[in-house]
Each structure stands twice: as structure tokens, then as C-alpha cells.
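Chain by chain, the residues:
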Amino acid sequence: MKEHLQELLATALKRLFADAGVEHAATIQLDPTKDAKFGDFQSNLALQLAKPLGKPPRMIAEALVKMLPDSTRVARIEIAGPGFINFFLAPAAFQAVVAEIIEQGEDYGCDRSGNKGRIMVEFVSANPTGPMHVGHGRGAAYGDSISKLLAATGWQVWREYYINDAGRQVDILALSVWVRYLELCGENVPLPQRAYPAEYIRKTAQVLHSEHGDGLRFPAATVLDDLPQEPIPGPADSEQEKAAAKTGQETYMDALIVRAKTLLGERYELIRKAALTDQLAAIRKTLADFNVEFDQWSSERELVDSGFVSTALTRLEQMNLTYEKDGALWMRTEQYGDEKDRVLIKADGSATYFCNDLAYHVNKLDRGYPTLMDVWGADHHGYIARVRAAIEALTQRKDALNVQLIQFVTLSSGRMGKRSGNFVTLQDLVDEAGTDATRFFYLTRSHDQHLEFDIDLARSQSNDNPVYYVQYAHARICRVFEQLVEKGGDWDPLTAKLTLHRLTNEHEKTLLTLLNRYPDMLERAASAYTPHTVVFFLKDLAEALHGYYNVHRFLVEDDPELQAARLALIAATGTVIRAGLKILGVSAPEKM
RNA sequence: GCCCUUGUAGCUCAGGGGAUAGAGCAUCCGCCUCCUAAGCGGAGGGUCGCAGGUUCGAUUCCUGCCAAGGGCACCA
């Protein structure tokens, strides 16, 4: 429809220029109007041309309108305000969308061709060292919805979770479990300051203890033999002293890890694996409860063990992208926009996180995904430049990596006020508020906006909870069709299509306008990577439905033609609500 | 110090260079004999952080300043 009007304007413009004997490159801008009194579409073309043509905009508008070709889809055209050209469409042009939606179902407005190519979306990728918190939840909701949105607008999407199971934090996790295990054996090894103190660590330790008895036990004196005292800063210490203590604690932690590996030998791997398995199982359960799925879970450790990381390093060397300095291997990221070059292999011979992560990205490219989307927490901002630089060096393309940063989440509630989101797990949130309310909440804000999550509101089963507003519209539509059957009536989509000209009142017009905008809205949301656009659209659609419902009856027994038309309209509305909610990962209940 | 994000109604936030800046919550007033009142209609509430610039037109784009949050490792 929009294209059609643009063509009309282009023709008029050509004629105008021919008449006046001038050339000017004007982009034909056409926008949906905000207010129905300005018609359905508006163009500011005449305003743009006022200066280059040296004539008042209203005069240009009049000339343009005169030159516009006739179209059956346009009811009338008005010139308004400073020189806007407002198009009022013929009702039939709007009504046709109902038939289209009934035919195409939930795929209406979608492009399932996959013509835009393959894209890999990596999201969540939370460290498997503890439960996911509400910040991860936001990334999960966003990543899942943007994937669905991209898949609905012409992309072939592959979703992945990168498991960071090779770094030091996993050793810390394993050690934490072991200390708790020793505790169960009756050994007094104090939990290091830098270890994970949480309850879930004990559970793994208990399972280990029941399965292996004292098989992993060593006397506390042996474990702590020769180890330095762990520094614990007092409250009166200066910032400097506290920082020094922290460094000391890290050193102590590392020494303890080495001790564990030495004493346990191959048995260390047993503990490591048990800890990882438990954490990953918890994460998988939470994500499943949250209605988030992945095509693949990729392990960092497997990437290392399979030799892929060294292969990737060799390739970087061959491309002359690396060099040695101070005993470390560096990558030349600075010449690709990073603020400095970065270390891949440390002087002690171990790989940096960046090294393995980069290899993982190389792996993604190798698997045939020219576009990589990474959904990261806002705290990873400083990390973008180096990965982007590295990917550009490898692909010679600036657009190969698409990073979406998700801003922080703070929790609030009437009783507790603001508090940090890191201390509430996503599992708790989903258990208490439910997947629908939680996901809807997350996606109601733009992802680059800090989010204040009102737990009490999400939890409330009352009309205050915004998710119900949209779901209720859907349930109401379903109820009407239920009533129809109860009354012994029937409704045939094929014949209903012939009745659409009866949809003429204001409420019907509003709904038709919104339904017509759905495809455009999807495309806009996808290309701007903003699932929240879908949320706001659905709220508008639900509002239009509720208003309609309140004023008009859909089951009009004395006018079968009108009834058929209205049922067609609300059936189409229901379909679009369902499709939209599906993109958000929210259910569309038939009863509430 | 440098980099990124944000600043819009009492609160939480939408807003695609356009006409009179919107929604939800909160406050106030109405609407169920009728397909679900988890709904609808109405009222009040604004220096779009501040100052410049670009433009016919700026909440929107650019620059500076102020404020909030985050980031600046041979950590992960």
C-alpha cells in the first residue's frame, strides 16, 4: 500500500519537474499518520521542495496533487497544515487485510524465505558457576525474541549458548565444592574468601560424598600444608590495604587450586565435572521453564580439547595478525579500531579468555554464518572493540559482528525498594511471577534502557499486570467464537470475505489500520533489533479490540452479514495477537 | 582521564525530522439486565536535563556542559 502511494507521488513529481524544467533529487517520504483526521498516510514532499523550488509549500502541494494519477485505492487527498499531502484510503483497501490474515494465519506479515541469509545469535552464555540472575533473564528474553523476529523477517537463524567451562572460574567452582565436601568428611578447611559460598555448592558436595564416601578426602593439615595465611582485611583498612588483601586472596585461591589438583590427580576431574554438570542442569531447567531454547550448546573446553583453538591461532599467525612480545602472543587489533593490541597467549603459556572466545567466533564463521549476533550484558561494553577488530581482521568486513548490549536490571518492590538484581535468581522470578509476566516485563523496555523490574507488579494476578491486557483481548475473542457455537451458529471464513465492506465504524477502522501496519512493524522491529516494538504494537492492538468490544456486539443475530464481517475481523485480530505473543515467547490463553 | 548508554507527567516508560508530545501506574469522576469489568469512557498532571548549531520544521540529528549508570587486565 505504502509502495503504491510512493509510486503515485513519484509519477506526480516527474510530471512536475518536466513542467517546470528542473531537476532535483528528492526522497519521497511517506508516513502513517498519528491522527485519523490527517488521513491514513502523509507526505511532506511539498515541504521538502519549498526551498529548492523557491515556492511556497502549499502551492507545490497543490500542483503535485493535480498531477497525481488516479487510483482506486485512494478515496481522497487533502492538503493540510503547512503543506502536508494527506491520503485517505478507500475502505476496501483496508478491509482486504482481513482476508489476507485469514488465509495466511500466523505467518501473515512474515517473510519465511530466509533470503536475508544465515545469522547465528549467541545469547545468555552465563558462566556455569551458579544460578542465573535477573540480568541473564533479560538477555535470555531478548535473545529468544530477537531470534524469532529475525526468523520471521527473512533470516535463517541459529541460536547458541557458549559454555565457559574452561577458565579459572570453573576451577574455583570445583574447589568450592571440594572444600564443602571436606567439611562433610569432618575436615576443617575454611572456605576461601574468593570461593563460591552459595547453598547450591553444598548440594553437589553432598552427592559427591554419598557417591564416593571418603574417596576424595585428605587431612586438612595436608591440604593447607605450607600454604600462606589468607589475608582478611579489617573494616578500618584503607582502600589500598583492601586491594592488597584482595590480590592476596586471589593468590591464595590459585595456590589452593594447584594443591587440589596435585593431591587429587585424576580425581580432580571428577569433582570438576560433577560441579559443572549440576550447574548446567540448573541453567537448562531455568531456561526451559522460561521458554527459551537453543539449537546448540557449545563448550569452550571442547573447542580447546579438539585442537580448534590452536588451529585458529595458526591461521592468525599465517595472516600475520599476531606477534610475540614480553613472552606473550599478541594480536594486532589496534589497527582495526581497538585501543590497543591484545594478548592471546599469556607469558605463562595459558590462553586468555579472549583467545578462546575469538576461536569460537572463528568456528561460527567456519560453520557458514557470515553474520554473527552476540547478545551481551552492558558490562561487556569494553570488550566489543577487540572482538569486532579481530573479526574484521579475519573477514575484512565491518558488519560481520553485530553486538547487542543489554542494559542492567534493578529490582524494585513496594516493600523492599530498590536492590541489586544480582541477588535474585531468574528461577525464583519465573517460579513466583510466571514465564508470561516475566518475559513481557523484560521486553516492555527497550534493551538499551536500564530496566527497573517491579517484582510485586509482575507477581500480581490483578488487572495491574500489563501482560493480562493483551492476553485478555485474545481470550475475549476466543470466548465470542465459543458463544457462537453454543448458540448453534456457524461462521465460514470463505463467505465472510465477501462481507468485509460492512466494516465501517471508527473502532473497525482503527483495528483495520493496525492490522495493516503489522508487517511493516515487524520489519522495523527486526531491522532495529527492538522486540519491545512488538510489545507496544500488541498493547495498541489489544486496546483497539477492548474498545471495540465495549461498544459493539460481534454476535449480531438479526444481521448475519454484519456478524460474519465482524467475526472475520476479530478472528484476524486474534491471529495477529497470537503471532505477536509467540514472538515474545508469551502464551495466548483461550480462557482467563 | 578516556569510551559507551541514559536523562520526556508524581512513578515506570513509549515516541519513525512533522501538525495539539503519548501509555500504564497513582489521584479524581462515570459505565455491567447485554459476547468475560483482568474491560471501557472522561478529568487533572510537561521548561522533552541545560545551552548552542543544522533544518521550512528538532523531544528526535550534531557539538558542548550538567547529572545517573556501566566499562577501561598477560580476569573470566
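Keep in mind that this is a model prediction, so the values were computed, not measured.

Calculation notes
- Residues numbered from 1 in each chain as written.
- Chains lettered and ligands numbered in written order.
- Predicted model: local features only at pLDDT ≥ 70, side-chain atom pairs only at ≥ 80, totals over all residues.
- Heavy atoms only, no water.
- Phe/Tyr/Trp six-rings, centres within 6.5 Å; stacked < 30°, edge-to-face > 60°.
- Helix = DSSP H or I, 4+ residues; strand = E, 2+ residues; numbered from the N terminus.
- Buried < 20%, exposed > 50% of the residue type's maximum accessible area, 1.4 Å probe, protein only.
- Lys NZ or Arg CZ within 6 Å of the ring centre and 35° of its normal.
- Near = heavy atom within 4 Å.
- Polar contact = N/O pair within 3.5 Å; in protein donor to acceptor, adjacent residues only side chain to side chain.
- Nonpolar A, V, L, I, M, F, W, Y, C, P; charged D, E, K, R; others polar.
- Domains from an automatic or database assignment.
- Salt bridge = Lys/Arg side-chain N within 4 Å of Asp/Glu carboxyl O.
- Pairing = 2+ DSSP bridges.
- Axes fitted to C-alpha atoms, helices over the stretch in contact; angles between N-to-C directions.
- Contact = heavy atoms within 4.5 Å.
- 1 Å grid on protein atoms, 1.4 Å probe; cavity = no way out; pocket = protein on both sides within 12 Å on 5 of 7 lines; lining within 4 Å.
- Points joined across faces, edges and corners; volume = space filled by probe spheres on them.
- Core = buried A, V, L, I, M, F, W, Y, C linked by side-chain atoms within 4.5 Å.

Asker: Sorry, what's going on with the packing of aromatic side chains here?
Answerer: The geometry of an aromatic ring pair comes down to the distance between the two centres and the angle between the two planes. In total, this model carries 18 aromatic pairs according to the counting rule given. Judged by centre distance (4.5 Å) and plane angle (35°), the rings of Phe123 and Phe294 are tilted. With Phe123 in the loop between strand S5 (117-122) and helix H5 (134-151) and Phe294 in the loop between helix H10 (267-289) and strand S7 (296-299), this pair connects stretches of sequence that are 171 residues apart. With respect to class, Phe123 is no different from Phe294; both count as buried. The rings of Phe123, Tyr161, Phe294 and Trp297 are connected pair by pair, giving a single aromatic cluster. For the cation-ring pair, Lys325 lies above Trp330, with the distance from its terminal atom to the ring centre recorded as 4.6 Å. Geometry around Phe94 places Lys509 over its ring, the cationic atom sitting 5.1 Å from the centre.

Asker: Just checking my understanding: could you explain the protein's contact with RNA strand B for this structure?
Answerer: Of all residues adjacent to RNA strand B, which total 63 residues, the nearest are Lys37, Lys51, Gln169, Tyr472 and Arg479. In the interface set of RNA strand B, defined as its atoms within 4 Å of the protein, sugar plus phosphate atoms amount to 61%. Take Lys34: an N or O atom from its side chain is 3.4 Å from a phosphate oxygen of RNA strand B. Tyr353 places a polar main-chain atom, nitrogen or oxygen, 3.1 Å from a phosphate oxygen of RNA strand B. The dominant element in the surface near RNA strand B, judged by the number of residues it contributes, is helix H18 (residues 466-486), at eight residues. Split by residue class, the surface near RNA strand B holds 22 nonpolar, 22 polar and 19 charged.

Asker: Can you help me understand the domain arrangement of chain A in this one?
Answerer: In many analyses, interface size is given as the accessible surface area lost on bringing the parts together. When its domains are assigned, chain A resolves into domain 1 (2-89), domain 2 (168-280) and domain 3 (462-584). Using only C-alpha atoms to locate each centre, domain 2 and domain 3 end up separated by 58 Å.

Asker: What should I look at first to understand the pattern of salt bridges in this one?
Answerer: Two side chains of opposite charge can pair, provided their charged atoms sit close to one another. Applying the stated criterion across every chain yields a total of 37 salt bridges. In this structure, Arg112 and Asp107 form a salt bridge, with 3.1 Å as the shortest nitrogen-oxygen distance. Between Arg217 and Glu187 there is a salt bridge, and its shortest N-O distance comes to 2.9 Å. Placement of Arg217 in the loop between helix H7 (199-212) and helix H8 (220-224) and of Glu187 in the loop between helix H6 (168-185) and H7 is noted, with a sequence separation of 30 residues between them. Look at the salt bridges and you will find they share partners, linking Asp144, Lys148, Arg159 and Arg439 into a network.

Asker: Mind showing me how you'd approach the sheet that holds strand S9 (residues 328-331) here?
Answerer: Adjacent strands of a sheet form backbone hydrogen bonds with each other and so pair up, either parallel or antiparallel. The strand order S8-S9-S10 describes an open sheet built from three strands, whose pairing is antiparallel. Every other strand in the sheet has two partners, leaving strand S8 (322-325) and strand S10 (342-345) as the edge strands with one partner each. Ignoring strand direction, the axes of neighbouring strands in this sheet form an average angle of 45°. Of the pairings in the sheet, the one linking S8 to S9 comprises four bridges and is antiparallel in character. When the bridges of S9 are listed, Tyr323 appears paired with Trp330. Contacting S9 and S10, helix H13 (residues 353-366) runs over the sheet at an angle of about 80° to S10.

Asker: Would you take a moment to explain empty space enclosed by the protein for this structure?
Answerer: Rolled over the atoms, a probe sized like a water molecule indicates the empty space that remains. Applying the stated criterion across every chain yields a total of one cavity of 30 Å³ or more. Quantified by volume, the largest cavity comes out at close to 70 Å³. Considering the residues around the largest cavity, the lining is formed by Arg138, Tyr142, Ile406, Tyr442, Leu443, Arg445, Ser446, His447, Thr530, Pro531 and His532. For the lining of the largest cavity, the secondary-structure elements that each account for two or more residues are H5 and helix H16 (435-443). Broken down by class, the residue content of the lining of the largest cavity amounts to five nonpolar, four polar and two charged.

Asker: Whenever I open this one, the nonpolar core confuses me. Can you help?
Answerer: Residues Tyr442 and Phe453 are the most contacted members of the largest nonpolar core, which totals 116 residues. Considering every element that reaches this core, the biggest residue donor is helix H22 (residues 560-584), with 14 residues. Shared between two domains, this core takes at least three residues from each, and those domains are domain 1 (2-89) and domain 3 (462-584). What Phe453 contacts, discounting residues up to four positions off in sequence, is Val409, Thr410, Leu411, Ser412, Leu429, Thr438, Phe441, Tyr442 and Ala458. Leu313, Ile391, Ala393 and Ala400 belong to the second-largest nonpolar core, a separate cluster that totals 34 residues.

Asker: Looking at this structure, how should I read H16?
Answerer: One turn of an α-helix holds 3.6 residues; hence residues three or four places apart share an orientation. Burial analysis of H16 places eight of its nine residues in the buried class, the great majority of the element. Turning to H16, its buried residues are Thr435, Ala437, Thr438, Arg439, Phe440, Phe441, Tyr442 and Leu443.

Asker: Just to check I follow, could you spell out the sheet that holds strand S12 (residues 401-406) for this structure?
Answerer: Taken in spatial order, the five strands line up as S7-S6-S5-S11-S12 in an open sheet, and their pairing is parallel. Every other strand in the sheet has two partners, leaving S7 and S12 as the edge strands with one partner each. Pairs of neighbouring strands in the sheet enclose a mean axial angle of 25°, with direction left out of account. Examined bridge by bridge, strand S6 (residues 155-163) and S7 share four bridges and lie parallel to one another. When the sheet's bridge partners are listed, Tyr161 is paired in S7 with Trp297. This element, H5, spans S5, S6, strand S11 (371-377) and S12 of the sheet and lies at about 155° to S6. Along the sheet, H10 makes contact with S6 and S7, crossing S7 at roughly 155°.

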